[in-house]
Amino acid sequence: MLLDQLEVWTALRKDHAQDKKVKTDANRIRDFVEYAGDKPVNRYRFSDFQSFTNVLARSPANMTKERTFHGMTRAQAADHNDTLNDRRFPTLTGKAIEANYLSPLRMFFKTMAAEHDFRSPLADMSPTIPNTARDSVVRVPFTVEELNVWFKAAAQETRPDLKWLPLLATLTGARVGELIYLQGKDVRKINDTLWVADLTTDLIIEGEETERQIKNETSRRLFALHEVLEQTAFYDLCAKRKADEWLFPHAFRHGRELVKDPADAASKRLNGRLEKLGIHRPYETTFHSSRHTAKDIMRVAKIDPRTADRQTGHAMKTAGDNYGKKTLLVEEVEVLAALRLPEGLDLSPYIIKPKA
């Protein structure tokens, strides 16, 4: 039966994928079972997947967070959403349906077919996503004017995460989950002069080495820190942290309780700050837009695309790009540290020291 096999598949994957990804994929496959029923894995037909896809295209994107849909299945929520007319909640995008639902199903049934000697119903055809599915919102980088508003406010924050994450994310292109899990040992110098953040080592938690959770293998990297940070108090903060201490410890606790997902909580907190400043647009301009902003800054500065991808942890575009050292060369760190910043960008709220 599918649900029995899902438990086995999930357990096997835990050594090969991030725990959050494994859990999310399993939940999306359970959504399919809720719709199509729990059957022997070789008894599903292509039509089961196509009709499920049709329902997903009508399904509200954030149904678990909306009280309106509490207790409903995906199909029930889709039907109810259709009755709301001009009050209809935004539905799943075609991209989300493919990445979050069809991709895990395709991978699961490929494994089941190999294990139980049958042909996957998704082996030869992929469900067609209806053209009525909502288009994905394109993430938009911040303008210089928006960054200036953001940095002026962020520099006044007392919490280190709220103060430094906006600047670090924009200058480096690092993900919020990568920045939140930085420890004292991870920010260091190479070649005696150049600062980097090191994501290649394990974390140290309660004295034990713990594998650092990263999005993919290209994310296991060094990323360069811009020389302008030496004019700020950022390295003073780093110097106060022991090797196994978080740079941003506030992100891991809410009062006396541990935060279940520090990166997600930080993202929501930072987006809340952007909303108050009037520079947040749902899906379009969020904290993650800082990553897009960093890529634009590197393009305008004519940084080699391979170097930019190594900096941000993006997958290499060609087989040739995969040749050579997997992390940034010293010479590349030197170029990125001196990266020309956009004209008009005002970092004075952070500056406390003269340029060396």
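See above for the structure.
Fair warning: this is a prediction, and the values are worked out from it, not measured in the lab.

Analysis parameters
- Residues numbered from 1 in each chain as written.
- Predicted model: local features only at pLDDT ≥ 70, side-chain atom pairs only at ≥ 80, totals over all residues.
- Heavy atoms only, no water.
- 1 Å grid on protein atoms, 1.4 Å probe; cavity = no way out; pocket = protein on both sides within 12 Å on 5 of 7 lines; lining within 4 Å.
- Points joined across faces, edges and corners; volume = space filled by probe spheres on them.
- Nonpolar A, V, L, I, M, F, W, Y, C, P; charged D, E, K, R; others polar.
- Pairing = 2+ DSSP bridges.
- Helix = DSSP H or I, 4+ residues; strand = E, 2+ residues; numbered from the N terminus.
- Axes fitted to C-alpha atoms, helices over the stretch in contact; angles between N-to-C directions.
- Contact = heavy atoms within 4.5 Å.
- Core = buried A, V, L, I, M, F, W, Y, C linked by side-chain atoms within 4.5 Å.
- Buried < 20%, exposed > 50% of the residue type's maximum accessible area, 1.4 Å probe, protein only.
- Polar contact = N/O pair within 3.5 Å; in protein donor to acceptor, adjacent residues only side chain to side chain.
- Parallel < 35°, antiparallel > 145°, perpendicular 65-115°, else oblique.
- Salt bridge = Lys/Arg side-chain N within 4 Å of Asp/Glu carboxyl O.

In this structure, the second largest pocket occupies an estimated 210 Å³ of space. Taken together, T193, L194, W195, L225, H226, E227, E230, Q231, A337, P354, K355 and A356 make up the lining of the second largest pocket. A per-class count over the lining of the second largest pocket returns six nonpolar, three polar and three charged.

Taking strand neighbours across the sheet as the criterion, the three strands line up as 1-2-5 in an open arrangement whose pairing is antiparallel. The sheet is open, and its two borders are formed by strand 1 (187–190) and strand 5 (222–224), each paired with just one other strand. Looking at each pair of strands side by side, their axes are set apart by 40 degrees on average, direction ignored. Strand contacts of helix 13 (residues 330–337): strand 1, strand 2 (194–198) and strand 5, with the helix running at about 105 degrees to strand 2, the strand carrying the most contacts.

Let us now look at empty space enclosed by the protein. What the rule picks out here adds up to one cavity of 30 Å³ or more. There is about 50 Å³ of room inside the largest cavity. In this structure, the largest cavity is lined by L171, A224, L225, H226, M298, Q311, L336, A337 and L339.

Grouped together as the largest cluster of nonpolar side chains are 44 residues, with contacts concentrated most on L225 and F234. Taken together, the elements giving at least two residues each to this core come down to helix 6 (144–154), helix 7 (160–172), helix 8 (176–180), strand 2, helix 9 (234–239) and helix 10 (262–277). The greatest single-element share of this core, amounting to seven residues, is contributed by helix 7. Every residue in contact with F234, bar those within four places of it in the chain, is listed here: W164, L168, V187, L225, L229, L247 and F248.

The next point concerns the side chain of E146. Positionally, E146 belongs in helix 6. Owing to a relative accessible area of 13%, E146 belongs among the buried residues under this scheme. Here T143 takes part through its backbone nitrogen, which lies 3.0 Å from a polar atom of the side chain of E146. Not counting residues up to four positions away in its chain, the partners in contact with E146 are P141, I279 and R281.

Moving on, we come to the pairing of strand 2. By the criterion of burial, strand 2 is predominantly enclosed, with five of the five residues buried. Every second residue of strand 2 is oriented toward a common face, with L194, V196 and D198 on one face and W195 and A197 on the other, all of them buried. Hairpin connection between strand 1 and strand 2: a loop of three residues separates the two successive antiparallel strands, and N191 in this loop has a positive phi of roughly 55 degrees. Across three bridges, strand 2 lies against strand 5 in antiparallel orientation. Following the sheet pairing, A197 is matched in strand 5 by F223.

What follows is about the packing of helix 2 (residues 19–36) against helix 3 (residues 46–56). Where helix 2 meets helix 3, the closest approach of the two axes is 10 Å, and the angle between their N-to-C directions is 105 degrees. For the element pair helix 2 / helix 3, the angle class is roughly perpendicular. Judged by residue contacts, D31, F32, Y35 and A36 of helix 2 engage D48, F49, S51, F52 and V55 from helix 3. Its residues placed into classes, the contact of helix 2 with helix 3 shows six nonpolar, one polar and two charged.

On to the pattern of salt bridges, then. Inspection of every chain in the model, using the stated rule, returns 23 salt bridges. Here R30 and E7 are joined by a salt bridge, their closest N and O atoms 3.1 Å apart. Taken as a pair, R30 in helix 2 and E7 in helix 1 (residues 2–13) lie far apart in primary sequence, 23 residues in all. In this structure R30 comes out as partly exposed when scored by relative accessible area, which is 32%. The salt bridge involving D236 is made with K353; its shortest N-O contact spans 3.6 Å. On the criterion of sequence distance, the pair formed by D236 in helix 9 and K353 in the segment after helix 13 is long-range, its members being 117 residues apart.

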